[in-house]
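Topology and contacts: notes
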Amino acid sequence: MTNSSFHLALPCYSVTRTRKFYIEILGADLGRHSTQWADINLHGNQITFTKSGEFSFNYKSYKFGDNILPSFHFGVILNEKKWNEIHQKISEIQEKDSEPITFLKSKKGEHTSFFIEDPNGYVVEFKCFKEPKEVFAS
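We now turn to the structure provided with this report. (Residues numbered from 1 in each chain as written. Predicted model: local features only at pLDDT ≥ 70, side-chain atom pairs only at ≥ 80, totals over all residues. Heavy atoms only, no water.)

A closer look at the overall build of the chain
Scanning the chain from N- to C-terminus turns up two helices and 10 strands. Helices (α) and strands (β) of the chain occur, in sequence order from the N terminus, as β-α-β-β-β-β-β-β-α-β-β-β. Scaling as 2.2 N^0.38, a compact globule of 138 residues should have a C-alpha radius of gyration of about 14 Å, and the chain matches this with 16 Å. Reported as C-alpha extents along the three principal axes, the dimensions of the chain are approximately 45 × 35 × 30 Å. (Helix = DSSP H or I, 4+ residues; strand = E, 2+ residues; numbered from the N terminus. Rg over C-alpha atoms; globule rule 2.2 N^0.38 Å.)

Right, here's the structure in full:
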């Protein structure tokens, strides 16, 4: 299967605050936009945020190994260099701890992740696999 970008559309409280977070903090690029919506290019993937007012995603967390993770989250898989650059940048400006977690240590699919919450309450995960060819390994 060839690699393709994905598109994700999500409601947001404030297009301005959302744009600022993704562009200034996560280093994404701004695509087409208006005062009511914005296309964000997050590492080649299109996320469209549309101003919607109040909304709610009720979701439960789940346990993976010894870690409690949000069941509703999205993210990108990066190479080690880019992952380190973004983690360093976020660690310098973020009040909350974005401590990396290593999953499947010494097993097929070992990867390190950190999570950050955007202004709308969405959790964004950044992953880096020890062996990139093991992203979908079973």
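As for the packing of aromatic side chains
This structure, assessed with the given rule, holds 10 aromatic pairs. When the ring of Y22 is compared with that of F49, the centres are 4.9 Å apart and the planes differ by 40 degrees; the resulting orientation is tilted. Of the two residues, Y22 sits in helix α1 (residues 15-25) while F49 sits in strand β4 (residues 45-51), which places them 27 residues apart along the sequence. Comparing Y22 with F49 shows no difference in burial state: the two are buried. (Phe/Tyr/Trp six-rings, centres within 6.5 Å; stacked < 30°, edge-to-face > 60°. Buried < 20%, exposed > 50% of the residue type's maximum accessible area, 1.4 Å probe, protein only.)

A closer look at the sheet that holds strand β10 (residues 123-129)
With respect to topology, four strands assemble into an open sheet ordered β7-β10-β9-β8, the strand pairing being mixed. Pairing within the sheet leaves two strands with one partner each, and these edge strands are β7 (73-77) and β8 (101-103). Going across the sheet, the axis of each strand differs from the next one's by a mean of 30 degrees, ignoring polarity. In the sheet, strand β9 (residues 111-117) pairs with β10 via seven bridges, with the strands oriented antiparallel. Pairing of T112 across the sheet is with C128, part of β10. Those strands touched by helix α2 (residues 80-93) are β9 and β10, and its axis lies near 35 degrees from that of β9. (Pairing = 2+ DSSP bridges. Axes fitted to C-alpha atoms, helices over the stretch in contact; angles between N-to-C directions. Contact = heavy atoms within 4.5 Å.)

Describing the nonpolar core
Membership of the largest hydrophobic core comes to 25 residues, with the highest contact counts inside it found for Y22, L26, F49, F74, I116 and F126. Listing elements by their share of this core, those giving two or more residues are β1 (7-12), α1, β3 (37-42), β4, β7, α2, β9 and β10. Here F126 is in contact with L26, H43, V76, L78, W83, I86, T112, S113, F114 and I116, once residues within four sequence places are set aside. (Core = buried A, V, L, I, M, F, W, Y, C linked by side-chain atoms within 4.5 Å.)

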